[in-house]
Amino acid sequence: MTLPQGFAFAIVLVMMALFVWGRLRYDVVAMLALFASVVTGIVPTDQAFSGFSDDVVVIVGAALLVSAAVAKSGVAETAMRPLAPYLTTTRSQVFVLVAAVIAMSTFIKNVGALAILIPVAFQLAKRSGTPPSQLLMPLSFGSLLGGLITLVGTSPNIIVARVREEIVGEPFQMFDYAPVGLGLSVLGLTCLSLTFWLLPKDRRGGASLNSAINIENYVAELRVPPDSPLVGTTARDVVALAEGPAKLTSVVRERFRRYKPTPMLKLQAGDVLLLEGEPEALERVVARGGLELAGQDAGAEGDGDTVGVIEGVITADSALIGNTPAHVDLRGRYQVNLLAISRSGERITQRLRSVRFQAGDVVVLQGRFDVLPDALKELGVLPLAERDLGLGRGRRRWLPILVLALAMAAVVLKIAPVAIAFFGAALALMLTRALSLRDAYESVEWPILILLGALIPVSEAVRTTGATDLIADWLSIAADALPPMGALALIVVAAMAVTPFLNNAATVLVMAPVAASLAQKLGLNPDPFLMAVAVGAACDFLTPFGHQCNTLVMGPGGYRFGDYWKLGLPLSILVVVAGVPLIAMVWPL
């Protein structure tokens, strides 16, 4: 072993130890690894930041922007709504949700697809009485499987394609992953639909997130202006406008007089209505009834491109705790309006301006896009999910889907490379205001991009020092006693084992060169070994930490660390047993 190889091994081992330790965030660990590589000389100083200009970073960042725009459009919830009445059993719900997330993860990053469908899962769970814990983990695992189908479905695929280009001169194309990915997705869908019962039934996620995603129990304050068609009508007429679950809980007149909305009570101009219902129902009542959000000022006026609605949790150190909206002057000082509050599933029936905030409350705030992020940060509110409540204004629901389709077509027809096509798609979405600039910057997972940019030179150094060849020599000793299929299975299992400690993107950066080197030493085709790394790194079903999708559902589903292997172990065995021969069949050894 040479000195540069020793440095490379030491840096990788320390990096893995820091990842496992968990006290430092993974992007900081990656930067430390890059700095150490430069100091020890295994990464030349003029190549230290070359990773940040790599196409991989551009593709991942652009894919995140496109995913955010698709999520914001609300198309997924609209498409799933007609199916809801027919999904009465847990098995049917798991099947449809997992199938939907697999399909969506094919074209957008899997974490974006999962974020889009989590609200749908909660709505199905609440309407049917299904425990959310039996829906969310299968949904997460389905998003990981769906990400295997195309180049842009998950970060490991993009990195593997780059490694192949370095080895054979040509990267994997958009749908080169499809034969293996589709086969594993179909098998995984079947497995998840049959084994979901292994998950606990009595787990309930955090009430804050649950309420934030499903806002059926929120109460909004709406004012009846003099020109509203609801003047002179009754509570029954108000609810009829909703065409969905809604309830008029109270009518406040002359600021302080509260009336029960009896059938005989006629509404007057200036009345404030406390209306409970789903967001779509509230939108219809406001639009058709010509109502106004109570207390709304000019600071929040604007079209759908400039005004948004944010749901968030009040953190323990928030300045709101113990105060009322009027006391902190939300509208005057922060230029945001309070639309609703939810407290651990408790119905709020009093005027919102008189409610004293508590830690853990979920609030729905409305304001201009250029104001909301700074206001949330200053108020100590952790944003959960954004809802584009149009309140009667039109929305460009299908524009992100159209832009995504054009980008995919450009790649498939080889009109433009992946990086250019998705960069252009992200730019088009921002120019058309389907995604505001502020939303675009917030939707990019900067720690992931920093991790990629920092570890690409480190990974290259591990290869150029000969460290990967040395690891391949050690693996080849074990592989010599195995048939070629056994060596392929060894790579899949190794990638699966390393991913929980390294993060899936980092796993590919370390394992892909090793797998390619092992294939060359065994005199085999490197393509199936690179595919094995992609599959193994993307299929972390045993821990909540190896992939952010698993982490995302841990709190809402009320999962514990030990819950993941109950459903994940059968699925992992299935991936190895079925995936290895499938890879070998599509990519001959």
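Residues numbered from 1 in each chain as written. Predicted model: local features only at pLDDT ≥ 70, side-chain atom pairs only at ≥ 80, totals over all residues. Heavy atoms only, no water.

### Let's talk about the overall build of the chain
- Along the backbone of the chain there are 25 helices and 9 strands.
- Here the chain holds 589 residues, and the buried ones make up 58% of them.
- Taking the intrachain contacts of the chain between residues at least 6 apart in sequence as the baseline, contacts between residues at least 24 apart amount to 80%.
- Split by element, the accessible area of the chain, about 23700 Å² in all, is 63% carbon and sulfur. (Helix = DSSP H or I, 4+ residues; strand = E, 2+ residues; numbered from the N terminus. Buried < 20%, exposed > 50% of the residue type's maximum accessible area, 1.4 Å probe, protein only. Contact = heavy atoms within 4.5 Å. Areas by Shrake-Rupley, 256 points an atom, 1.4 Å probe, with all protein chains shown as cover.)

### A few points about the pattern of salt bridges
- In total, this model carries 5 salt bridges according to the counting rule given.
- Put simply, Asp 527 and Arg 164 hold a salt bridge, and the shortest N to O gap is 2.7 Å. Here the residue Asp 527 occupies a position in helix 23 (residues 526-538), and Arg 164 occupies one in helix 8 (residues 155-168), the gap between them amounting to 363 residues. Note on accessibility: Asp 527 and Arg 164 belong to one class, buried.
- Across the pair Lys 566 and Asp 563 runs a salt bridge whose closest N-O atoms are separated by 3.5 Å. Placement of both Lys 566 and Asp 563 in helix 25 (residues 563-586) is noted, with a separation of 3 residues, approximately one turn of the helix.
- Lys 566 sits in the partly exposed class, given a relative accessible area of 33%. (Salt bridge = Lys/Arg side-chain N within 4 Å of Asp/Glu carboxyl O.)

### Side note on the confidence of the model for the chain
- Averaged over all residues, the pLDDT of the chain equals 79, while 85% of them reach at least 70.
- Put simply, helix 10 (residues 207-213) is where the chain has its lowest mean pLDDT, 39, and helix 9 (residues 178-195) is where it has its highest, 92.
- Note on residues 298-304: pLDDT is under 50 here. Beyond four places in sequence and across chains, it has 12 contacts.
- Below a pLDDT of 50 lies the segment residues 385-395, which in the model reaches 36 contacts outside its immediate sequence neighbourhood of four places, other chains included. (pLDDT = per-residue confidence, 0-100.)

### Section: helix 15 (residues 372-379)
- For helix 15, the complete set of buried residues consists of Leu 372, Pro 373, Ala 375, Leu 376 and Leu 379. What you see down the axis of helix 15 is that its buried residues fit within an arc of 165°, all on one side.
- Downstream of helix 15 by a residue or two, Gly 380 has a phi angle that is positive, lying close to 75°. (Arc of directions from axis to C-beta.)

### Side note on the environment of Trp 587
- One can find Trp 587 in the segment after helix 25.
- Note: C-alpha distance between Trp 587 and Pro 528 (59 residues apart in sequence) is 5.3 Å.
- Apart from the residues within four sequence positions on either side, Trp 587 is in contact with Phe 172, Asp 176, Val 180, Asp 527, Pro 528 and Met 531.

### What about a nonpolar patch on the surface?
- On the surface, Trp 21, Leu 24, Val 28, Met 31 and Leu 32 cluster together into a nonpolar patch covering about 430 Å² of accessible area.
- Take the nonpolar patch: its biggest share by element is 3 residues, from helix 2 (residues 26-40).
- Looking at the secondary structure, you find Met 31 in helix 2. (Patch = residues over 30% accessible without salt bridge, like charges linked within 9 Å, V, L, I, M, F, W, Y side chains within 5 Å.)

### Quick look at the side chain of Asp 27
- Following the sequence through the fold, Asp 27 ends up in helix 2.
- We classify Asp 27 as buried; its relative accessible area is 2%.

### Some words on the packing of helix 5 (residues 90-105) against helix 9
- Put simply, helix 5 and helix 9 touch, their axes get as near as 9 Å, and they point 155° apart. Taken together, the axes of helix 5 and helix 9 are roughly antiparallel relative to one another. In this structure, helix 5 crosses over helix 9, and the sense of that crossing is right-handed. Of the residues in helix 9, those touching helix 5 at Arg 91, Val 94, Phe 95, Val 98, Ala 99 and Ile 102 are Ser 185, Leu 189, Leu 192, Ser 193 and Leu 194.
- Residue composition of the contact of helix 5 with helix 9, by class: 8 nonpolar, 2 polar and 1 charged. (Axes fitted to C-alpha atoms, helices over the stretch in contact; angles between N-to-C directions. Parallel < 35°, antiparallel > 145°, perpendicular 65-115°, else oblique. Left-handed = near helix turned anticlockwise from the far one by under 90°. Nonpolar A, V, L, I, M, F, W, Y, C, P; charged D, E, K, R; others polar.)

### So, unusual backbone geometry
- You will see that Asp 329, though not glycine, has its phi angle at about 55°, which is positive.
- By the element assignment, Asp 329 lies in the loop between helix 13 (325-328) and helix 14 (330-334).
- Given the relative accessible area of 40%, Asp 329 is considered partly exposed.
- With a phi angle near 60°, Gln 335 is a residue other than glycine that sits in the positive phi range.
- Along the chain, Gln 335 turns up in the loop between helix 14 and strand 7 (336-342).

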